Amino acid sequence: MASDHKKLSYNQGIVYALGCYLAWGFFPVFWKAITGVPAINVLAHRIVWSFVFLLAWVWLTNRQTFISYVKQPRLLLRLGLAGFVVSVNWGIYIYAVESNHIIEAGLGYYINPLVNVFLGYIFLKERLAPMQKIAVVLALIGVTYFTISYGQFPWISFALATTFGLYGLLKKKANLESMPALTVETMMVFPFALAFLFYSAENNAATPFFPSSAVTSSLLIISGLVTAIPLLWFGKSARVIPLSTMGFIQYLCPTLQLLLGIFVYNETFGIEYLICFAFVWVGLAFYTISILKGKKVTIAK
């Protein structure tokens, strides 16, 4: 039977969670290695090879569920929308890394839990605990300060947080098995990505289907594995780890990105960023405390 359904211990779940968030935290290193390829082409390759590897995996482990999803036209449309949203998220992140905005991308993933709370309030009629309201307000203050003092709205941060939040909202409403659903999502955008790669190769000599460098071409193919494996680990860990624990571990990802942006890629981290991050971090502290106290959002009657 599918390995997805194999019972894991709590400690194994912790290991998988650490693995996926550490991998996501070090993503900038991988995408930096292929910055010679335009971000839109990298995204297309990521979609194509993610679908190839995900299809191979799900076909070996859970093909019946995958086939059942494919046979439902309305579900295909919903998963197609989710696939489009997560593809936009992937593309923005790749662009952020290539254009030296890793710190801004990290800010986006710090903001993401608070955006999730806000989206739940707007679309799912979820009530917010008082500390969660404070957390959202603090994050808004920090971003507003940054926009006014720096003179530029951190659109990459908000685009990443919003698209990933919308993706999570779509996934929550669908309530499907993660790996078969993700395979269908990538399947729905796969033809467009593949067509773009052929069109780009045909009409622009500077963007062949595969670059002349064997290393870069190999990395583009491996991007499918780099995408699929952490998602597989995440799916396994989410089955056995409490939400509060996952909430702590998820901060590994933007923290690593922040450190890489500052100390490895020498991005500027001025006072505007520091104050903005400080407000967001305090907001996240309130948010985390609200979860630990068991004051999770509740559905309005």
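Residues numbered from 1 in each chain as written. Predicted model: local features only at pLDDT ≥ 70, side-chain atom pairs only at ≥ 80, totals over all residues. Heavy atoms only, no water.

Engineer: I would appreciate a short explanation of the overall build of the chain in the present structure.
Structural biologist: If you tally the helices and strands in the chain, you get 13 helices and two strands. Taken against the 2.2 N^0.38 rule, which gives 19 Å for 301 residues, the C-alpha radius of gyration of the chain at 20 Å falls within 12% of a compact globule. Projecting the C-alpha coordinates of the chain onto the three principal axes gives extents of approximately 50 × 45 × 35 Å. For the chain, the proportion of its 301 residues judged to be buried stands at 50%. Taking the contacts inside the chain whose residues are at least 6 apart along the sequence as the reference set, 86% of them involve residues at least 24 apart. As presented, the chain carries roughly 14600 Å² of accessible surface, and 69% of it is formed by carbon and sulfur atoms. Averaging the locations of the 20 positively and 9 negatively charged side chains of the chain gives two centres separated by 17 Å. (Helix = DSSP H or I, 4+ residues; strand = E, 2+ residues; numbered from the N terminus. Rg over C-alpha atoms; globule rule 2.2 N^0.38 Å. Buried < 20%, exposed > 50% of the residue type's maximum accessible area, 1.4 Å probe, protein only. Contact = heavy atoms within 4.5 Å. Areas by Shrake-Rupley, 256 points an atom, 1.4 Å probe, with all protein chains shown as cover. Lys, Arg positive; Asp, Glu negative; His and termini not counted. Charge placed at Lys NZ, Arg CZ, Asp CG, Glu CD.)

Engineer: Explain the packing of helix α6 (residues 102–123) against helix α8 (residues 155–174) here, please?
Structural biologist: For any two helices packed against each other, one specifies the inter-axial angle together with the distance between the axes. Two elements in contact, α6 and α8, have axes whose closest approach is 7 Å; the angle formed by their N-to-C orientations is 45 degrees. Classed by the angle they form, the pair α6 and α8 counts as oblique. As for the relative orientation of α6 and α8, their crossing is right-handed in sense. Facing α6, whose interface residues are Glu-104, Ala-105, Leu-107, Gly-108, Tyr-109, Ile-111, Asn-112, Val-115, Asn-116, Leu-119 and Phe-123, α8 presents Trp-155, Ile-156, Ser-157, Phe-158, Leu-160, Ala-161, Thr-162, Phe-164, Gly-165, Leu-166 and Leu-169. Its residues assigned to classes, the contact of α6 with α8 shows 15 nonpolar, six polar and one charged. (Axes fitted to C-alpha atoms, helices over the stretch in contact; angles between N-to-C directions. Parallel < 35°, antiparallel > 145°, perpendicular 65-115°, else oblique. Left-handed = near helix turned anticlockwise from the far one by under 90°. Nonpolar A, V, L, I, M, F, W, Y, C, P; charged D, E, K, R; others polar.)

Engineer: Help me understand the packing of α6 against helix α7 (residues 130–150) in this model?
Structural biologist: Contact geometry for α6 and α7: axes closest at 10 Å, N-to-C directions at 125 degrees. Classified by the angle between their axes, α6 and α7 sit oblique to one another. The element α6 and its partner α7 pack so that their crossing is left-handed. Contact with α6, carried on its side by Ile-111, Leu-114 and Val-117, involves Gln-132, Ala-135, Val-136, Ala-139 and Val-143 of α7 and no other residues of that element.

Engineer: What should I look at first to understand the layout of surface pockets in this one?
Structural biologist: Over the atoms a probe the size of a water molecule is rolled, and this reveals where empty space is left. Approximately 1900 Å³ is the volume found for the largest pocket. Taken together, the residues that form the lining of the largest pocket break down as 28 nonpolar, 14 polar and seven charged. (1 Å grid on protein atoms, 1.4 Å probe; cavity = no way out; pocket = protein on both sides within 12 Å on 5 of 7 lines; lining within 4 Å. Points joined across faces, edges and corners; volume = space filled by probe spheres on them.)

Engineer: Would you mind showing me how to read helix α5 (residues 73–98) here?
Structural biologist: For an α-helix, the turn length of 3.6 residues means that residues three or four places apart are oriented alike. Between its first and last C-alpha atoms α5 spans 37 Å; for 26 residues at 1.5 Å apiece the expected length is 38 Å, and the two agree. Of the residues one or two after α5, Asn-100 is the one with positive phi, at around 65 degrees. (Expected span 1.5 Å × (residues − 1).)

Engineer: Quick question: what am I supposed to make of the environment of Glu-177 here?
Structural biologist: Along the chain, the position of Glu-177 falls in the loop between α8 and α9 (178–203). Sequence separation between Glu-177 and Ala-206 is 29 residues, and the spatial gap between their C-alpha atoms is 40 Å. In this structure the side chain of Glu-177 is engaged in a polar contact, spanning 2.9 Å, whose partner is the side chain of Asn-62. (Polar contact = N/O pair within 3.5 Å; in protein donor to acceptor, adjacent residues only side chain to side chain.)

Engineer: So what exactly am I meant to see when it comes to the packing of aromatic side chains here?
Structural biologist: Each aromatic ring pair is summarised here by two numbers: the centre-to-centre distance and the angle between the ring planes. Summed over all chains, the structure comprises 23 aromatic pairs. Ring centres of Phe-209 and Phe-210 lie 5.1 Å apart, and the angle between their planes is 75 degrees; on these two criteria the pair is classed as edge-to-face. Taken together, the aromatic side chains of Tyr-110, Phe-146, Tyr-150, Phe-269, Tyr-273, Phe-277 and Trp-281 make up a single cluster linked through ring pairs. The cationic tip of Lys-32 hangs over the ring face of Tyr-265; the distance from NZ or CZ to the ring centre is 5.1 Å. The ring of Trp-90 has Arg-46 sitting right over it, with the charged end atom 4.3 Å from the ring centre. (Phe/Tyr/Trp six-rings, centres within 6.5 Å; stacked < 30°, edge-to-face > 60°. Lys NZ or Arg CZ within 6 Å of the ring centre and 35° of its normal.)

Engineer: How should I be thinking about a nonpolar patch on the surface in this particular structure?
Structural biologist: Taken together, Leu-18, Leu-22, Phe-26 and Val-29 make up a surface patch of nonpolar side chains, about 310 Å² in accessible area. Its location among the elements puts Leu-18 in helix α1 (residues 10–25). (Patch = residues over 30% accessible without salt bridge, like charges linked within 9 Å, V, L, I, M, F, W, Y side chains within 5 Å. Salt bridge = Lys/Arg side-chain N within 4 Å of Asp/Glu carboxyl O.)

Engineer: Explanation requested: the confidence of the model for the chain in the structure shown.
Structural biologist: Within the chain, residue pLDDT values average 88, and 94% of them lie at 70 or more. Below a pLDDT of 50 lies the segment residues 1–5, which in the model reaches 14 contacts outside its immediate sequence neighbourhood of four places, other chains included. In the predicted structure, residues 295–301 sits below a pLDDT of 50 and forms 19 contacts with residues beyond four places in sequence or in another chain. (pLDDT = per-residue confidence, 0-100.)

Engineer: Even after reading the chapter, I still don't get the environment of Gly-13, so can you show me in this structure?
Structural biologist: With respect to the helices, strands and loops of the structure, Gly-13 is situated in helix α1. Residues Gly-13 and Arg-239, spaced 226 residues apart in sequence, show a C-alpha to C-alpha distance of 7.8 Å. If we ignore the near neighbours within four places in the chain, the residues touching Gly-13 are Ser-237, Val-240 and Ile-241.

Engineer: Even after reading the chapter, I still don't get helix α10 (residues 214–238), so can you show me in this structure?
Structural biologist: With 25 residues, α10 extends 37 Å between its outermost C-alpha atoms, agreeing within 8% with the 36 Å of an ideal straight helix rising 1.5 Å per residue. Along α10, the largest kink reaches about 35 degrees and is centred on Ile-222. (Bend = angle between axes of the 7 residues up to and from the residue.)

Engineer: Got a minute to help me understand the side chain of Thr-227 in this structure?
Structural biologist: Note on placement: Thr-227 falls in helix α10. Note on Thr-227: relative accessible area 3%, which makes it buried. Within the structure, the side chain of Thr-227 is placed 2.7 Å from the side chain of Arg-46, a separation counted as a polar contact. Each residue touching Thr-227, except ones within four places of it in the same chain, is listed here: Arg-46, Ser-50 and Trp-90.

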